[in-house]
Amino acid sequence: MQIGVVTLFPELVCDALAHGVLGRALERGLAAVQTEDPRAHAGDAHRTVDDRPYGGGPGMVGTPAPWAAAIDAAASRLPAGVPRLHLSAQGAPLTQQRVQELAGLPGFLLVASRYEGLDQRVIDSRIDGEISIGDYVLSGGEFAALVVIDAVVRLLPGALGDERSSVEESFAAGRLDWPHYTRPVEWEGRSVPTVLQGGNHAAIRHWRLAQSVTRTWVRRPDLIVQGGLSSEESRLLNEFLARREVDDNG
Ligand code: ADE
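Owing to the predicted nature of the structure, the values given are computational and were not obtained by experimental measurement.

Colleague: Help me out: how do you make sense of unusual backbone geometry in this one?
Modeller: The phi angle of most residues is negative, glycine excepted, and most peptide bonds adopt the trans form. Omega for the peptide link from Arg183 to Pro184 comes to 5 degrees, which places this bond in the cis form. Relative to the helices and strands, Pro184 resides in the loop between helix 7 (164–168) and strand 8 (186–187). In this structure, Arg47 is a non-glycine residue whose phi angle is positive, near 55 degrees. Here Arg47 lies in the loop between strand 2 (32–36) and strand 3 (50–51). Look at Arg47 and you get partly exposed, because its relative accessible area is 39%. Phi is positive for Glu188, close to 50 degrees, though the residue is something other than glycine. Since its relative accessible area comes to 62%, Glu188 is described here as exposed.

See below:
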């Protein structure tokens, strides 16, 4: 997979990609990330890449020519036709489904703007879609681009040690994850739930599913409204609610 990032802070992006699962996946060639700096495409001595907004108001707007040139240069090094995506609080909220769609592509280009954003004509002429990572405003798109890259690259075959990790995890099924425990079995007077200590796989599966659906119902009912409940899930939820074993520390 070939990923391009247009950014005024290429080092920030590259440094953040050097660690953990992501760093190993890139090292092993599962994906490659290239950056392109609009400043390298600025035509003046001051390397100007922003200007005051027409109509007045606070902040600065990305100047069309250097940003468009950087997008064109980055896109020319990626597989033909891959989507060019602008990170923006005005974009479509990032979901695990969108992440899975991106993970199936040969690549994509992320445009991380700064200031009040990009001149709308660059968006209209160069951008295929806009992605938001949440309902809050960042000072730039770099961290949002890194969020997209992390979420996508960890899904690539071979990126995680155990392939089941990404298949079984919560959001893949539209559910929050169940609680996890490791040794020691007793810690600060708190025990690992008894069912997890035994080898009854059916009972463990049942407990995990019940935890997952109950947590989702309490913390993120919107996910259940969207996807509905299977009959097994609805039975487990009713059982747990009746016993008030709801963990709502969210
Ligand atoms: N740039 C500024 N805010 C953002 C957000 N919430 N998501 C993605 N990119 C952004």
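Having seen the model, we can carry on.
Colleague: Is there a simple way to explain the domain arrangement of the protein in this structure?
Modeller: One frequently used descriptor of interface size is the decrease in accessible area upon assembly of the parts. Examined at the domain level, the protein breaks down into domain 1 (2–153) and domain 2 (186–248). Here the C-alpha centre of domain 2 lies 39 Å away from the C-alpha centre of domain 1.

Colleague: Looking at this structure, how should I read the site of the ligand?
Modeller: Residues in contact with the ligand, as listed here, are Leu87, Ser88, Ala89, Ile131, Ser132, Ile133, Gly134, Tyr136, Val137, Leu138 and Ala144. For the ligand, a nitrogen atom lies 2.8 Å from a polar atom in the backbone of Tyr136. In the complex, 94% of the free accessible area of the ligand, which totals 260 Å², lies under the protein chains. When residues in the shell around the ligand are grouped by element, the largest group, three residues, is from strand 5 (residues 84–93).

Conventions used here
- Here the residue index of a chain counts from 1 through its sequence in written order.
- The predicted origin of the model limits local features to residues at a pLDDT of at least 70 and limits the giving and counting of side-chain atom pairs to 80 or more, whereas totals for whole chains, interfaces and linings rest on all residues.
- Water and hydrogen atoms play no part in the side-chain values, which are based on all heavy atoms of the structure.
- Helix numbers and strand numbers start at the N terminus; a helix is a DSSP run of H or I with at least 4 residues, a strand a run of E with at least 2.
- Note on classification: 1.4 Å probe, protein chains only; a residue is buried when its accessible area is under 20% of the maximum for its type, exposed when over 50%, partly exposed between these limits.
- As annotated, the domain borders come from an automatic or database domain assignment.
- Summary of the distance rule: residues count as near a molecule or strand when at least one heavy atom falls within 4 Å of that molecule or strand.
- Here a polar contact is taken to be a pair of N or O atoms separated by no more than 3.5 Å, where protein atoms must pair a possible hydrogen donor with a possible acceptor and residues adjacent in sequence count only if both atoms sit in side chains.
- Per-residue accessibility takes into account occlusion by the displayed protein chains alone, with areas from the Shrake-Rupley method and a 1.4 Å probe.

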